[in-house]
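# Examining the three-dimensional arrangement
One letter stands for each residue in the lines below.
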Amino acid sequence: MAFTISKELFKKVAYDTCKAAVIGVAEDCIKLLKQHYEKESDSRAKKILETMIKNAEAAEELGKTPCQSPGYPVAYVTIGRGFLLDVNVKEILADVLRTVTEEGYLRPSIVHPFTRKNTGNNFGENVPDIEIYHDNNLEYVELVFSFKGCGAELFNAFKVFKPADIGKNAEGIKKFILETVINAGGGPCPPTAIGVGIGGQIHQAAKLSRRAVSIRRWDDINPNPELAALEKELIEKVNSLGIGPAGVGGDTTCLTVKVEWAYTHTAILPVAVNFHCWVARRARARIYPNGEVKILKW
């Protein structure tokens, strides 16, 4: 039996999810900020973390955005077993972005790539970026709205490794990631979440790096033991660099590192490093067969 989701229902869920994403910050981010605040040894860094937490909590309480920059919208739609989503997803999500922008929750930030003319409504050619998946193990349809600040985007890095450059225990990859963090300094608005995409071709590594910090909980443990160990090692090494929140020094340069991978070709290994500022604007909605809707942050 197919469960059909109507245009009206999908549009309402998309609107509610988009609005939830840009008010305050995601719950897992707040949790990590508070954990690092308790551990932070540098007094200036501790004060900045305290201010970030208060800002995020005030934004949530007042129904406001925690930062003037809305970031770049990406929507992830996953269709579970037995669902029929017979709607124009792109059209609906674009209309939602326009509405939320007109209501003042999003600053218009999407421009023509060459002329730089602002569209005024936060959508345009191939915006929002939409990824649609099917997962027969799920008993719901899931929509995730993720807005990632583009100041942090300026410091992202990409490299296609030759097999000989990977090194024993992936030391070449680790060195590249740490050098990228050092070169970024305080630019990406630390403490950051760092997404790392490894493998595939260029486009796949880049998508994996974005998806890693958009879909996963920032406080989760990777179900793959090899990647879990790598994430733990990278978090410890990044936070030992002393860059700290807002680049003032301290123990908290990143809140998390998330690594996703794909098998690749024998001649190459693409690696993408993707910074997410501390302002985690993400929300997810789940639509169940009985029409129940749950909106989660995170």
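Higher on the page you've got the structure.
Residues numbered from 1 in each chain as written. Predicted model: local features only at pLDDT ≥ 70, side-chain atom pairs only at ≥ 80, totals over all residues. Heavy atoms only, no water.

### Description of the sheet that holds strand β10 (residues 281-287)
Spatially, β4-β2-β5-β10-β11 is the arrangement adopted by the five strands of the open sheet, whose pairing is mixed. Two strands close off the open sheet at either side, each with one partner strand: β4 (129-134) and β11 (293-296). Averaged over neighbouring strand pairs, the angle between their axes works out to 15° when direction is ignored. Relative to strand β5 (residues 141-148), strand β2 (residues 72-79) is paired through eight bridges, and the arrangement is antiparallel. Within β5, the position partnered with P73 by the bridge is F147. The strands that helix α1 (residues 7-22) touches are β5, β10 and β11; relative to β10, the one it contacts most, it runs at about 155°. Of the strands in this sheet, β2, β4, β5 and β10 touch helix α8 (residues 202-214), which is tilted by about 85° from β2. (Pairing = 2+ DSSP bridges. Helix = DSSP H or I, 4+ residues; strand = E, 2+ residues; numbered from the N terminus. Axes fitted to C-alpha atoms, helices over the stretch in contact; angles between N-to-C directions. Contact = heavy atoms within 4.5 Å.)

### Side note on the packing of helix α2 (residues 27-39) against helix α3 (residues 43-62)
Taken N-terminus to C-terminus, the directions of α2 and α3 make an angle of 155°; their axes are 9 Å apart at the nearest point. By the criterion of interaxial angle, the relationship of α2 to α3 is roughly antiparallel. Where α2 crosses over α3, the handedness of that crossing is left-handed. Note on element contacts: α3 touches α2 through K46, L49, E50, M52, I53, A56 and E57, opposite I30, L33, K34, H36, Y37 and E38. (Parallel < 35°, antiparallel > 145°, perpendicular 65-115°, else oblique. Left-handed = near helix turned anticlockwise from the far one by under 90°.)

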